[in-house]
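Analysis of the macromolecular model
Listed below, chain by chain, are the residues.
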Amino acid sequence: IETIYDSLTTLWTRKHFEIEAAKLLKHNPNNKFMFLECDIRQFRYIYQNYGEDASDAMIFYFSRRLNKLAMKYTFTFCLKFLLSEMQWQFLSMN
């Protein structure tokens, strides 16, 4: 059974992300996408000096911030696209 969500961050696992990204790219070959991968350098230092609970809290916080940013920019992009599409339809009707 494949794990879809990470138990700590509740985000997709890397494997599930790669599967979904491949589907998205395959079905939308002419669209542009941006994929973001993050690596917290020297994270072992945080774990060793502050412990598992603190490092888990940091990863959870970081994942929430990234998710909020992704949602914000996805919404902004979709809204701009929708408005430009509506303007185009309006102009083509006149």
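Residues numbered from 1 in each chain as written. Predicted model: local features only at pLDDT ≥ 70, side-chain atom pairs only at ≥ 80, totals over all residues. Heavy atoms only, no water.

Further remarks concern a nonpolar patch on the surface. On the surface, a cluster of nonpolar side chains totalling about 720 Å² of accessible area is made up of Ile4, Tyr5, Trp12, Phe17, Leu24, Leu25, Phe33 and Phe35. Along the chain, Phe17 falls in helix α1 (residues 14-27). On the accessibility criterion, Phe17 (34% relative accessible area) is partly exposed. (Patch = residues over 30% accessible without salt bridge, like charges linked within 9 Å, V, L, I, M, F, W, Y side chains within 5 Å. Areas by Shrake-Rupley, 256 points an atom, 1.4 Å probe, with all protein chains shown as cover. Salt bridge = Lys/Arg side-chain N within 4 Å of Asp/Glu carboxyl O. Helix = DSSP H or I, 4+ residues; strand = E, 2+ residues; numbered from the N terminus. Buried < 20%, exposed > 50% of the residue type's maximum accessible area, 1.4 Å probe, protein only.)

The next thing to look at is the pattern of salt bridges. Tallied over the full model, the rule gives two salt bridges. Of the charged contacts in the structure, one is a salt bridge between Arg14 and Glu18, with a shortest N-O distance of 3.2 Å. Placement of the pair is Arg14 and Glu18 together in helix α1, with a separation of four residues, close to one helical turn. Put simply, Glu20 and Lys23 hold a salt bridge, and the shortest N to O gap is 3.3 Å. Here the residue Glu20 and the residue Lys23 both occupy positions in helix α1, the gap between them amounting to three residues, near one helical turn. Judged by its relative accessible area of 22%, Glu20 is partly exposed. What makes Lys23 partly exposed here is its relative accessible area of 42%.

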